[in-house]
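Given next are the chains, with one letter for each unit.
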Amino acid sequence: MIDSGLTDRRGRRITLRPVDDDNWRAVADVAPRDDQRDWVPALAARYLLLTERSEVWNSLAAYADDTVVGHVMWGVDEDGSRWIGGMLIDATQQGCGVGRAVVRTLCDWLTAQGRPVRLSYHPENSSAARLYASLGFAPTGVWEDDELVAELAEPRG
């Protein structure tokens, strides 16, 4: 389990856990809001299948206390960069800080293993762009397919 001690605005503890025999169905059924389907699949099942067929991506279940509320993938590229991908928070769980806590929790875990940490998003997905910018990700100017790559800034110190 990956736990940074973060909570959402409802006070629920947000953790990331491996997808396993007990939770895979709940993860597969995670569905975004209808207006988000231009940028993410209709169900997290697509991401689960991708991680089963990929040597790069790894799936994690996002939990609020003991309830599956989302999915997120991570991977390590050939250059050693860490990537966050395939985040999907269930429509019923959005708007209360779950996505923010999921990204922060995964960033904490990934940066402990090395840098840089990157992700990509469609430039018309303004909600994602605002969220990632508020967490310290800056666009690199590099494109991955039709998505803009952003990198987590080095901590100031």
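Structure: see above.
Parameters at a glance
- Residues numbered from 1 in each chain as written.
- Predicted model: local features only at pLDDT ≥ 70, side-chain atom pairs only at ≥ 80, totals over all residues.
- Heavy atoms only, no water.
- Axes fitted to C-alpha atoms, helices over the stretch in contact; angles between N-to-C directions.
- Helix = DSSP H or I, 4+ residues; strand = E, 2+ residues; numbered from the N terminus.
- Parallel < 35°, antiparallel > 145°, perpendicular 65-115°, else oblique.
- Left-handed = near helix turned anticlockwise from the far one by under 90°.
- Contact = heavy atoms within 4.5 Å.
- Nonpolar A, V, L, I, M, F, W, Y, C, P; charged D, E, K, R; others polar.
- Core = buried A, V, L, I, M, F, W, Y, C linked by side-chain atoms within 4.5 Å.
- Buried < 20%, exposed > 50% of the residue type's maximum accessible area, 1.4 Å probe, protein only.
- Salt bridge = Lys/Arg side-chain N within 4 Å of Asp/Glu carboxyl O.

Helix α4 (residues 126–134) packs onto helix α3 (residues 98–113) with a crossing angle of 45° between their chain directions and a minimal axis gap of 11 Å. Considered as vectors, α3 and α4 are oriented oblique to each other. Relative to α4, the crossing made by α3 is right-handed. In contact with Gly 99, Arg 100 and Val 103 of α3, α4 contributes Leu 131, Tyr 132 and Ser 134. Taken together, the residues that form the contact of α3 with α4 break down as three nonpolar, two polar and one charged.

Let's shift gears to the nonpolar core. Buried together is how nonpolar side chains tend to be arranged in soluble globular proteins. By size, the foremost hydrophobic cluster in this structure holds 32 residues, and its most contacted members are Ile 84, Val 102, Val 103, Tyr 132 and Phe 137. Taken together, the elements giving at least two residues each to this core come down to β1 (14–18), β2 (57–64), β3 (67–76), β4 (82–89), α3, β5 (117–121), α4 and β7 (147–152). Looking at this core, the element that brings in the most residues is α3, giving seven residues. Look past the residues within four positions of Tyr 132 in its chain and what remains in contact with it is Met 87, Val 103, Leu 119, Tyr 121 and Phe 137. Counting residues in hydrophobic clusters, the runner-up holds twelve residues, among them Val 30, Ala 44, Met 73 and Leu 88.

Overall, the coordinates contain seven salt bridges when judged by the stated rule. The partner of Arg 17 in a salt bridge is Asp 66, and the shortest N-O contact between them spans 3.8 Å. Taken as a pair, Arg 17 in strand β1 and Asp 66 in the loop between β2 and β3 lie far apart in primary sequence, 49 residues in all. On the basis of relative accessible area, Asp 66 is assigned to the exposed category, the value being 66%. Here the residues in one salt-bridge network are Asp 79, Arg 118 and Glu 151, joined through shared partners.

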